[in-house]
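Observations on the model geometry
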Amino acid sequence: MVAPDLIKAAQSGDRDALITLLREIENHVYRTAYYILGNEQDALDAAQEALIRIYTKINSYEEKAQFKTWVQRIVTNLCIDKFRKNKPTVSIEQFDLTFTETQTVEQEVMSAYIAEDIKEAIDKLPEHHRSVVVLRYLQDFSYNEIAESLDLPINTVKSYLFRARQQLQMLLQDYKKTSTESTRG
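Summarised in this report is the structure supplied together with it. (Residues numbered from 1 in each chain as written. Predicted model: local features only at pLDDT ≥ 70, side-chain atom pairs only at ≥ 80, totals over all residues. Heavy atoms only, no water.)

Points about the overall build of the chain
Heads up, the rule is: Here a helix means four or more residues in a row that DSSP labels H or I, a strand means two or more in a row labelled E, and each is numbered from the N terminus. Residue burial is assigned from relative accessible area. The probe radius is 1.4 Å, only protein chains are included, and a residue is buried under 20% of its type maximum, exposed over 50%, and partly exposed in between. Each accessible area value is a Shrake-Rupley result obtained with a 1.4 Å probe; residue values ignore everything except the protein chains displayed when judging cover.
Along its length, the chain carries 9 helices and 0 strands. The N-to-C order of helical and strand elements in the chain reads α-α-α-α-α-α-α-α-α. For the chain, buried positions account for 38% of its 185 residues. For the chain, the computed accessible surface area is about 11,500 Å², with 50% contributed by carbon and sulfur atoms.

A word on helix 3 (residues 40-57)
Our working definition: Expected span, for any helix, means 1.5 Å times one less than how many residues it has. Here, the arc refers to the directions that run from the helix axis to the C-beta atoms.
Taking 1.5 Å per residue, 18 residues should reach 26 Å; helix 3 reaches 25 Å between its end C-alpha atoms and fits that length. Listed as buried for helix 3 are D42, A43, A46, A47, A50, L51 and I54. One side of helix 3 carries all its buried residues, which in axial view fall inside an arc of 165°.

Things to note about the packing of aromatic side chains
To keep things clear, this is the line we draw: Aromatic contacts are taken between Phe, Tyr and Trp rings whose centres are within 6.5 Å, Trp giving its six-membered ring; a plane angle under 30 degrees counts as stacked, one over 60 as edge-to-face, and the others as tilted.
All told, the structure shown has 5 aromatic pairs when counted by the stated rule. With centroids separated by 6.1 Å and ring planes inclined at 65°, the aromatic side chains of Y34 and Y35 adopt a geometry described as edge-to-face. Assessed through its relative accessible area of 29%, Y35 is described here as partly exposed. In this structure an aromatic cluster arises from ring pairing among Y30, Y34 and Y35.

Quick word on the pattern of salt bridges
Basically, it comes down to this: We define a salt bridge as a side-chain nitrogen of Lys or Arg found within 4 Å of a carboxyl oxygen belonging to Asp or Glu.
All told, the structure shown has 3 salt bridges when counted by the stated rule. For the salt bridge of D151 with R73, the shortest nitrogen-to-oxygen distance reads 3.8 Å. Of the two residues, D151 is situated in the loop between helix 7 (143-150) and helix 8 (154-171) and R73 in helix 4 (residues 67-85); the sequence distance between them amounts to 78 residues.

Rendered as structure tokens:
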């Protein structure tokens, strides 16, 4: 993710290195905040708070953990705090549809609906399940990295993921029934 010498330079007080470091991680930070909070404005606020916290706490980072895990813990904790303060809202987003030669218009539209259904299902998960799903499937973290980021035992992470997958399966049952009926129709 980020070069170790860039981190060391930022920790030693090199302002340009710190700004470069923050620019390198800002998309990752925003993406995580968005997937957890499900709302663009809240995600922008949380990402900004996280970047400020990283800026002010860069010297507290120790190489015992991976840098991306340390950043992830900061972002996730801020999002969970923000989520607890605000009641969750489901935002309805417009998907940019990019039509390719390999997919028909109908397939592109169905892909957008599927993505929206999955996002809404993830939004309905309890916050601890949502966090592990986001980190595992959207940020591609390993079980160990998730455990480290959320300060949880690895078996708890596996348990949360197992339960989250079960919940998602139940939440998406309606989608499966609807899509099967529409293909027969």
